[in-house]
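Here is how the chains run, residue by residue.
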Amino acid sequence: MIDLHMHSDCSDGTMTPAELVEQAGLLGLDAIALTDHDTVEGISEFMDAGLESGMNTIPGVEISIDTKLPNNGHFHLLGLFIDPNSQALKSKLDFLREERNKRAAKIIDALNTLGVSVTIDELLSEAGEGSIGRPHVAKILLRNGAVRSIQEAFDIYLAKGKPAYVDKTKFGEKEALGLVKNAGGLAVLAHPHLMGYSDSLELKERILQIVELGLDGLETYYPSMPPPLASELQEFARSYDLAVSGGSDFHGENKPGIKMGTGSGGLRIAKEVYYDLRDRAALKRKSGAG
Ligand code: AMP
Ligand code: ZN
Ligand code: FE
Ligand code: FE
(Lines give C-alpha, C1' and ligand atoms only; values in the text may rest on other atoms or scores of the structure.)
(Ligands and ions follow the chains in the order given, each with its own letter.)
Protein backbone atom coordinates (compact mmCIF):
# COMPACT_ATOMS: atom_id res chain seq x y z
CA MET A 1 0.00 0.00 0.00
CA ILE A 2 1.13 3.53 -0.74
CA ASP A 3 0.07 7.11 0.02
CA LEU A 4 1.22 9.81 -2.39
CA HIS A 5 -0.48 12.88 -0.92
CA MET A 6 0.26 14.18 2.57
CA HIS A 7 1.18 17.35 4.43
CA SER A 8 3.77 18.00 7.13
CA ASP A 9 4.10 20.85 9.60
CA CYS A 10 6.01 22.72 6.88
CA SER A 11 2.55 23.56 5.55
CA ASP A 12 -0.70 22.75 7.34
CA GLY A 13 -0.06 19.24 8.63
CA THR A 14 0.91 18.56 12.24
CA MET A 15 3.67 15.93 11.92
CA THR A 16 7.26 16.66 10.95
CA PRO A 17 8.50 15.16 7.67
CA ALA A 18 10.57 12.59 9.62
CA GLU A 19 7.54 11.64 11.73
CA LEU A 20 5.53 11.02 8.54
CA VAL A 21 8.19 8.60 7.33
CA GLU A 22 8.24 6.86 10.70
CA GLN A 23 4.44 6.56 10.74
CA ALA A 24 4.44 5.14 7.20
CA GLY A 25 6.97 2.53 8.35
CA LEU A 26 4.77 1.54 11.29
CA LEU A 27 1.81 1.18 8.92
CA GLY A 28 3.87 -0.98 6.59
CA LEU A 29 3.41 1.33 3.60
CA ASP A 30 5.61 0.77 0.52
CA ALA A 31 5.93 4.37 -0.66
CA ILE A 32 4.84 7.86 0.41
CA ALA A 33 5.06 11.33 -1.09
CA LEU A 34 5.31 14.62 0.80
CA THR A 35 3.14 17.18 -0.97
CA ASP A 36 3.14 20.30 1.18
CA HIS A 37 1.20 23.33 -0.05
CA ASP A 38 3.42 25.70 -2.02
CA THR A 39 6.66 24.69 -0.29
CA VAL A 40 9.53 22.19 -0.57
CA GLU A 41 11.03 23.10 2.83
CA GLY A 42 10.31 19.68 4.29
CA ILE A 43 11.69 17.60 1.45
CA SER A 44 15.32 17.21 2.54
CA GLU A 45 14.34 15.97 6.02
CA PHE A 46 11.75 13.69 4.40
CA MET A 47 14.24 12.19 1.93
CA ASP A 48 16.91 11.75 4.63
CA ALA A 49 14.44 9.91 6.85
CA GLY A 50 13.48 7.74 3.88
CA LEU A 51 17.10 6.81 3.19
CA GLU A 52 17.69 5.99 6.82
CA SER A 53 14.62 3.79 7.23
CA GLY A 54 14.46 2.26 3.76
CA MET A 55 11.07 3.83 3.00
CA ASN A 56 10.45 4.88 -0.61
CA THR A 57 9.99 8.63 -0.25
CA ILE A 58 8.89 10.78 -3.16
CA PRO A 59 9.62 14.50 -3.21
CA GLY A 60 6.47 16.43 -4.04
CA VAL A 61 4.56 19.68 -3.74
CA GLU A 62 0.91 20.79 -4.04
CA ILE A 63 0.37 24.10 -5.83
CA SER A 64 -2.93 26.03 -5.73
CA ILE A 65 -3.93 27.32 -9.15
CA ASP A 66 -5.60 30.62 -9.89
CA THR A 67 -8.59 29.86 -12.12
CA LYS A 68 -12.33 30.33 -12.29
CA LEU A 69 -14.27 27.15 -11.54
CA PRO A 70 -17.95 26.37 -10.95
CA ASN A 71 -19.43 25.82 -7.47
CA ASN A 72 -16.46 27.25 -5.57
CA GLY A 73 -14.30 24.44 -6.92
CA HIS A 74 -10.55 24.47 -6.64
CA PHE A 75 -7.68 23.36 -8.79
CA HIS A 76 -4.65 21.94 -7.00
CA LEU A 77 -1.69 20.65 -8.94
CA LEU A 78 0.60 17.99 -7.48
CA GLY A 79 4.22 17.85 -8.57
CA LEU A 80 5.65 14.38 -7.90
CA PHE A 81 9.33 13.40 -8.22
CA ILE A 82 10.33 17.05 -8.38
CA ASP A 83 13.90 18.14 -7.81
CA PRO A 84 13.57 20.18 -4.59
CA ASN A 85 16.82 21.95 -5.45
CA SER A 86 15.49 23.40 -8.68
CA GLN A 87 16.33 27.09 -8.40
CA ALA A 88 13.36 28.18 -10.49
CA LEU A 89 10.97 26.17 -8.35
CA LYS A 90 12.51 27.43 -5.10
CA SER A 91 12.46 31.09 -6.04
CA LYS A 92 8.87 30.92 -7.26
CA LEU A 93 7.81 29.17 -4.04
CA ASP A 94 9.75 31.73 -1.98
CA PHE A 95 7.74 34.42 -3.71
CA LEU A 96 4.50 32.67 -2.69
CA ARG A 97 5.74 32.45 0.86
CA GLU A 98 6.34 36.19 1.00
CA GLU A 99 2.90 36.76 -0.46
CA ARG A 100 1.46 34.53 2.27
CA ASN A 101 3.19 36.63 4.92
CA LYS A 102 1.61 39.79 3.49
CA ARG A 103 -1.75 38.05 3.39
CA ALA A 104 -1.36 36.98 7.02
CA ALA A 105 -0.88 40.62 8.02
CA LYS A 106 -4.09 41.51 6.16
CA ILE A 107 -6.03 38.71 7.88
CA ILE A 108 -4.80 39.95 11.26
CA ASP A 109 -5.85 43.50 10.41
CA ALA A 110 -9.29 42.29 9.46
CA LEU A 111 -9.64 40.29 12.68
CA ASN A 112 -8.42 43.18 14.82
CA THR A 113 -10.93 45.46 13.13
CA LEU A 114 -13.62 42.95 14.07
CA GLY A 115 -12.48 43.21 17.68
CA VAL A 116 -10.69 39.84 17.72
CA SER A 117 -7.20 40.18 19.10
CA VAL A 118 -4.48 38.24 17.32
CA THR A 119 -0.92 39.41 16.79
CA ILE A 120 1.56 38.72 14.04
CA ASP A 121 3.98 37.33 16.65
CA GLU A 122 1.47 34.70 17.76
CA LEU A 123 0.96 33.75 14.16
CA LEU A 124 4.66 33.55 13.35
CA SER A 125 5.35 31.31 16.32
CA GLU A 126 2.36 29.10 15.46
CA ALA A 127 3.57 28.63 11.88
CA GLY A 128 7.20 28.12 12.94
CA GLU A 129 9.35 27.32 9.93
CA GLY A 130 6.28 26.58 7.86
CA SER A 131 4.46 28.92 5.50
CA ILE A 132 1.51 30.68 7.11
CA GLY A 133 -2.00 29.52 6.31
CA ARG A 134 -5.52 30.00 7.61
CA PRO A 135 -5.34 26.83 9.75
CA HIS A 136 -2.64 28.54 11.84
CA VAL A 137 -4.90 31.54 12.37
CA ALA A 138 -7.78 29.21 13.26
CA LYS A 139 -5.67 27.48 15.91
CA ILE A 140 -4.82 30.76 17.58
CA LEU A 141 -8.47 31.85 17.57
CA LEU A 142 -9.35 28.56 19.25
CA ARG A 143 -6.57 28.89 21.81
CA ASN A 144 -7.53 32.49 22.59
CA GLY A 145 -11.14 31.46 23.14
CA ALA A 146 -12.49 33.53 20.25
CA VAL A 147 -14.08 30.39 18.76
CA ARG A 148 -15.05 26.95 20.05
CA SER A 149 -13.51 24.92 17.22
CA ILE A 150 -11.24 25.17 14.19
CA GLN A 151 -14.31 24.74 12.00
CA GLU A 152 -16.05 27.62 13.74
CA ALA A 153 -13.04 29.85 13.04
CA PHE A 154 -13.52 29.14 9.34
CA ASP A 155 -17.31 29.39 9.45
CA ILE A 156 -17.33 32.75 11.23
CA TYR A 157 -14.16 34.45 10.03
CA LEU A 158 -11.84 32.68 7.62
CA ALA A 159 -13.81 30.84 4.95
CA LYS A 160 -14.30 32.45 1.57
CA GLY A 161 -16.97 35.14 1.85
CA LYS A 162 -16.43 35.59 5.62
CA PRO A 163 -15.19 38.92 7.03
CA ALA A 164 -11.52 37.98 7.60
CA TYR A 165 -11.11 36.11 4.33
CA VAL A 166 -8.24 37.34 2.17
CA ASP A 167 -7.44 35.86 -1.24
CA LYS A 168 -4.02 34.35 -1.68
CA THR A 169 -1.63 34.86 -4.56
CA LYS A 170 -1.62 31.84 -6.85
CA PHE A 171 0.03 30.84 -10.12
CA GLY A 172 -1.84 30.28 -13.32
CA GLU A 173 -2.03 26.69 -14.57
CA LYS A 174 0.47 27.21 -17.37
CA GLU A 175 3.04 28.67 -15.03
CA ALA A 176 2.56 25.98 -12.38
CA LEU A 177 2.77 23.14 -14.89
CA GLY A 178 5.93 24.68 -16.29
CA LEU A 179 7.47 24.90 -12.82
CA VAL A 180 6.76 21.26 -12.00
CA LYS A 181 8.00 20.01 -15.33
CA ASN A 182 11.13 22.19 -15.29
CA ALA A 183 11.91 20.71 -11.90
CA GLY A 184 11.78 17.24 -13.50
CA GLY A 185 8.48 16.32 -11.90
CA LEU A 186 5.26 14.69 -13.02
CA ALA A 187 2.31 17.10 -13.02
CA VAL A 188 -0.73 15.39 -11.49
CA LEU A 189 -4.19 16.91 -11.09
CA ALA A 190 -5.10 16.61 -7.40
CA HIS A 191 -8.58 15.49 -6.29
CA PRO A 192 -10.32 16.23 -9.65
CA HIS A 193 -13.76 15.74 -8.06
CA LEU A 194 -13.19 18.91 -6.01
CA MET A 195 -12.93 21.13 -9.10
CA GLY A 196 -16.61 21.94 -8.82
CA TYR A 197 -17.99 20.22 -11.94
CA SER A 198 -21.22 18.38 -11.34
CA ASP A 199 -21.05 16.80 -14.80
CA SER A 200 -18.16 14.40 -15.42
CA LEU A 201 -18.18 15.21 -19.15
CA GLU A 202 -17.46 18.84 -18.35
CA LEU A 203 -14.76 17.79 -15.92
CA LYS A 204 -13.13 15.63 -18.59
CA GLU A 205 -13.24 18.44 -21.13
CA ARG A 206 -11.55 20.73 -18.62
CA ILE A 207 -8.95 18.05 -17.88
CA LEU A 208 -8.14 17.77 -21.58
CA GLN A 209 -7.32 21.48 -21.65
CA ILE A 210 -4.81 20.88 -18.87
CA VAL A 211 -3.42 17.86 -20.71
CA GLU A 212 -2.71 20.21 -23.63
CA LEU A 213 -0.47 22.18 -21.28
CA GLY A 214 1.44 19.04 -20.26
CA LEU A 215 -0.53 17.39 -17.45
CA ASP A 216 0.91 13.90 -16.80
CA GLY A 217 -1.67 12.29 -14.57
CA LEU A 218 -4.81 12.31 -12.43
CA GLU A 219 -5.27 11.63 -8.74
CA THR A 220 -8.01 9.03 -8.91
CA TYR A 221 -7.53 7.43 -5.49
CA TYR A 222 -8.66 9.87 -2.81
CA PRO A 223 -10.84 9.46 0.30
CA SER A 224 -13.82 11.54 -0.86
CA MET A 225 -13.70 10.55 -4.55
CA PRO A 226 -17.01 8.90 -5.48
CA PRO A 227 -16.17 5.34 -6.69
CA PRO A 228 -18.10 5.64 -10.00
CA LEU A 229 -16.18 8.81 -10.86
CA ALA A 230 -12.90 7.16 -9.86
CA SER A 231 -13.59 4.29 -12.29
CA GLU A 232 -14.60 6.70 -15.01
CA LEU A 233 -11.44 8.78 -14.57
CA GLN A 234 -9.25 5.68 -14.51
CA GLU A 235 -10.74 4.61 -17.82
CA PHE A 236 -10.26 8.14 -19.14
CA ALA A 237 -6.62 8.15 -17.97
CA ARG A 238 -6.00 4.86 -19.77
CA SER A 239 -7.40 6.14 -23.03
CA TYR A 240 -5.20 9.25 -22.98
CA ASP A 241 -2.14 7.49 -21.54
CA LEU A 242 -2.28 9.59 -18.39
CA ALA A 243 -0.77 8.30 -15.17
CA VAL A 244 -2.96 7.74 -12.12
CA SER A 245 -1.98 8.56 -8.57
CA GLY A 246 -3.60 8.69 -5.19
CA GLY A 247 -3.28 9.54 -1.55
CA SER A 248 -5.08 10.29 1.66
CA ASP A 249 -4.30 14.03 1.90
CA PHE A 250 -3.20 13.30 5.46
CA HIS A 251 -2.88 16.44 7.63
CA GLY A 252 -2.29 14.80 11.04
CA GLU A 253 -4.38 16.29 13.86
CA ASN A 254 -5.58 19.07 11.58
CA LYS A 255 -7.89 16.59 9.82
CA PRO A 256 -8.47 13.93 12.45
CA GLY A 257 -10.85 11.88 10.29
CA ILE A 258 -8.18 11.23 7.66
CA LYS A 259 -5.62 8.50 8.36
CA MET A 260 -2.36 8.00 6.53
CA GLY A 261 -2.70 5.20 3.96
CA THR A 262 -6.37 4.47 4.48
CA GLY A 263 -7.94 7.96 4.43
CA SER A 264 -11.43 7.88 5.88
CA GLY A 265 -11.19 4.08 6.11
CA GLY A 266 -11.59 2.46 2.72
CA LEU A 267 -8.59 3.78 0.79
CA ARG A 268 -6.14 1.11 -0.48
CA ILE A 269 -3.65 2.10 -3.16
CA ALA A 270 -1.53 -0.66 -4.67
CA LYS A 271 2.22 -0.22 -4.90
CA GLU A 272 2.04 -0.76 -8.67
CA VAL A 273 0.65 2.78 -8.86
CA TYR A 274 3.95 3.98 -7.40
CA TYR A 275 6.03 1.83 -9.76
CA ASP A 276 4.24 3.21 -12.80
CA LEU A 277 4.68 6.83 -11.66
CA ARG A 278 8.35 6.22 -10.84
CA ASP A 279 8.96 4.72 -14.28
CA ARG A 280 7.17 7.58 -16.01
CA ALA A 281 9.19 10.14 -14.07
CA ALA A 282 12.46 8.39 -14.94
CA LEU A 283 11.47 8.26 -18.60
CA LYS A 284 10.64 11.97 -18.63
CA ARG A 285 13.96 12.87 -17.11
CA LYS A 286 15.79 10.67 -19.62
CA SER A 287 14.04 12.15 -22.62
CA GLY A 288 14.43 15.65 -21.13
CA ALA A 289 18.19 15.18 -20.64
CA GLY A 290 18.79 13.51 -24.01
P1 AMP B 1 -4.82 28.56 3.05
O2 AMP B 1 -3.82 27.87 2.18
O3 AMP B 1 -4.16 29.46 4.04
O4 AMP B 1 -5.89 29.26 2.27
O5 AMP B 1 -5.53 27.43 3.92
C6 AMP B 1 -6.13 26.36 3.25
C7 AMP B 1 -6.45 25.29 4.27
O8 AMP B 1 -7.46 25.77 5.15
C9 AMP B 1 -7.05 24.05 3.63
O10 AMP B 1 -6.05 23.11 3.29
C11 AMP B 1 -7.93 23.51 4.74
O12 AMP B 1 -7.14 22.75 5.63
C13 AMP B 1 -8.37 24.74 5.50
N14 AMP B 1 -9.70 25.19 5.08
C15 AMP B 1 -10.02 25.97 4.02
N16 AMP B 1 -11.33 26.23 3.96
C17 AMP B 1 -11.88 25.63 5.05
C18 AMP B 1 -13.22 25.53 5.57
N19 AMP B 1 -14.25 26.14 4.98
N20 AMP B 1 -13.38 24.81 6.70
C21 AMP B 1 -12.34 24.21 7.31
N22 AMP B 1 -11.07 24.26 6.87
C23 AMP B 1 -10.83 24.95 5.76
ZN1 ZN C 1 -3.71 21.32 3.33
FE1 FE D 1 -5.55 19.95 -2.20
FE1 FE E 1 -3.42 18.31 0.02
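The structure contained in this document is the topic of the report that follows. Everything numeric here is computed off the predicted structure, so don't read it as measured data.

What follows is about the coordination of the zinc ion (ligand 2). Around the zinc ion (ligand 2), the protein supplies Asp 12 (OD), Asp 12 (OD), His 37 (NE2) and His 251 (NE2) as donor atoms, at distances of 1.9 to 2.6 Å. Mapped onto the sequence, the residues coordinating the zinc ion (ligand 2) show the spacing D-x24-H-x213-H. The two metals, the zinc ion (ligand 2) and the iron ion (ligand 3), are separated by 6.0 Å. Taken together, the positions of His 37 in the loop between β2 (31–34) and α2 (43–53) and His 251 in the loop between β7 (243–246) and α10 (271–289) put the pair 214 residues apart, joining distant regions of the chain. Considered together, His 37 and His 251 belong to a single accessibility category, that of buried residues.

Here we take up the site of ligand 1. Neighbouring ligand 1 are Asp 12, His 37, Arg 100, Arg 103, Gly 133, Arg 134, Pro 135, Gln 151, Phe 154, Ala 159, Lys 168 and Lys 255. For ligand 1, whose free accessible area comes to 500 Å², the fraction covered by protein is 72%. Class assignment of the residues belonging to the shell around ligand 1 gives a composition of 3 nonpolar, 3 polar and 6 charged.

Further remarks concern the coordination of the iron ion (ligand 4). In this structure, His 5 (NE2), His 7 (NE2), Glu 62 (OE) and Asp 249 (OD) serve as the protein donors to the iron ion (ligand 4), at separations of 2.1 to 2.2 Å. Because the angles between the 4 donor atoms bound to the iron ion (ligand 4) fall within 80 to 165°, the donor set is best described as irregular. Donor residues for the iron ion (ligand 4) sit on one chain with the sequence pattern H-x1-H-x54-E-x186-D.

Right, let's talk about the pairing of strand β4 (residues 76–80) for a bit. Of all 5 residues that make up β4, 5 are buried, and the element is covered over most of its length. Here β4 shows two buried faces, one formed by His 76, Leu 78 and Leu 80 and the other by Leu 77 and Gly 79. Summarising the sheet, β4 and strand β5 (residues 186–189) pair through 4 bridges and their orientation is antiparallel. Each bridged residue has a counterpart across the sheet, and for Leu 77 the counterpart in β5 is Leu 189.

We now examine the pairing of β5. Because side chains alternate across β5, one face comprises the buried residues Leu 186 and Val 188, and the other comprises Ala 187 and Leu 189, equally buried. Judged from the 2 bridges that link them, β5 and strand β6 (residues 217–221) form a sheet pairing that is parallel. By the bridge assignment for β6, Leu 189 is matched with Leu 218. The handedness of the β5 to β6 crossover, carried by helix α8 (residues 200–212), is right-handed.

Once that is clear, we can look at the sheet that holds β6. Taken in spatial order, the 7 strands line up as β1-β2-β3-β4-β5-β6-β7 in an open sheet, and their pairing is mixed. Pairing within the sheet leaves two strands with one partner each, and these edge strands are β1 (2–3) and β7. Here helix α7 (residues 173–182) sits on the sheet and contacts β3 (56–64), β4 and β5; the angle it forms with β4, its principal contact strand, is near 10°.

Let us now look at the pattern of salt bridges. Side chains that differ in sign of charge can pair as their charged atoms come close. A full pass over the atoms with the stated rule returns 14 salt bridges. The partner of Glu 126 in a salt bridge is Arg 143, with the nearest N and O atoms 2.2 Å apart. One end of the pair, Glu 126, is in helix α4 (residues 120–127); the other, Arg 143, is in helix α5 (residues 134–143), with 17 residues separating them in the sequence. The salt bridge partner of Arg 238 is Glu 235, with a shortest N-O separation of 3.0 Å.

Now for the side chain of Ser 11. With respect to the helices and strands, Ser 11 occurs in the loop between β1 and α1 (17–27). Within polar-contact distance, the side chain of Ser 11 engages the side chain of Asp 12 at 3.5 Å. Polar contacts involving the side chain of Ser 11 include one to the side chain of Asp 36, which spans 2.5 Å.

Before going further, it helps to examine the packing of α5 against helix α6 (residues 150–158). For the pair α5 and α6, interaxial distance at closest approach is 9 Å and the crossing angle is 105°. The angle between the axes of α5 and α6 places the two elements in the roughly perpendicular class. Note on element contacts: α6 touches α5 through Ile 150, Ala 153, Phe 154, Tyr 157 and Leu 158, opposite Arg 134, Pro 135, Val 137, Ala 138, Lys 139, Leu 141 and Leu 142. For the contact of α5 with α6, the class distribution of residues is 10 nonpolar, no polar and 2 charged.

A word on the packing of aromatic side chains. For the structure on display, the rule yields 3 aromatic pairs. When the centroid spacing of 6.5 Å and the interplanar angle of 25° are considered together, the rings of Phe 95 and Phe 171 count as stacked. Here Phe 95, found in helix α3 (residues 87–113), pairs with Phe 171, found in the loop between α6 and α7; they are 76 residues apart in sequence, far enough to count as distant. Seen from their ring centres, Phe 236 and Tyr 240 are 5.0 Å apart, and the 50° between their planes marks the pair as tilted. Assessed through its relative accessible area of 43%, Tyr 240 is described here as partly exposed.

Procedures and definitions
- Residues numbered from 1 in each chain as written.
- Chains lettered and ligands numbered in written order.
- Predicted model: local features only at pLDDT ≥ 70, side-chain atom pairs only at ≥ 80, totals over all residues.
- Heavy atoms only, no water.
- Donors = N, O, S within 2.8 Å, 3.2 Å for Na, K, Ca; no water.
- Helix = DSSP H or I, 4+ residues; strand = E, 2+ residues; numbered from the N terminus.
- Buried < 20%, exposed > 50% of the residue type's maximum accessible area, 1.4 Å probe, protein only.
- Near = heavy atom within 4 Å.
- Areas by Shrake-Rupley, 256 points an atom, 1.4 Å probe, with all protein chains shown as cover.
- Nonpolar A, V, L, I, M, F, W, Y, C, P; charged D, E, K, R; others polar.
- Tetrahedral: all angles 85-135°; square planar, octahedral: opposite > 155°, others 65-115°.
- Pairing = 2+ DSSP bridges.
- Right-handed = clockwise from strand over helix to strand, strands pointing away.
- Contact = heavy atoms within 4.5 Å.
- Axes fitted to C-alpha atoms, helices over the stretch in contact; angles between N-to-C directions.
- Salt bridge = Lys/Arg side-chain N within 4 Å of Asp/Glu carboxyl O.
- Polar contact = N/O pair within 3.5 Å; in protein donor to acceptor, adjacent residues only side chain to side chain.
- Parallel < 35°, antiparallel > 145°, perpendicular 65-115°, else oblique.
- Phe/Tyr/Trp six-rings, centres within 6.5 Å; stacked < 30°, edge-to-face > 60°.

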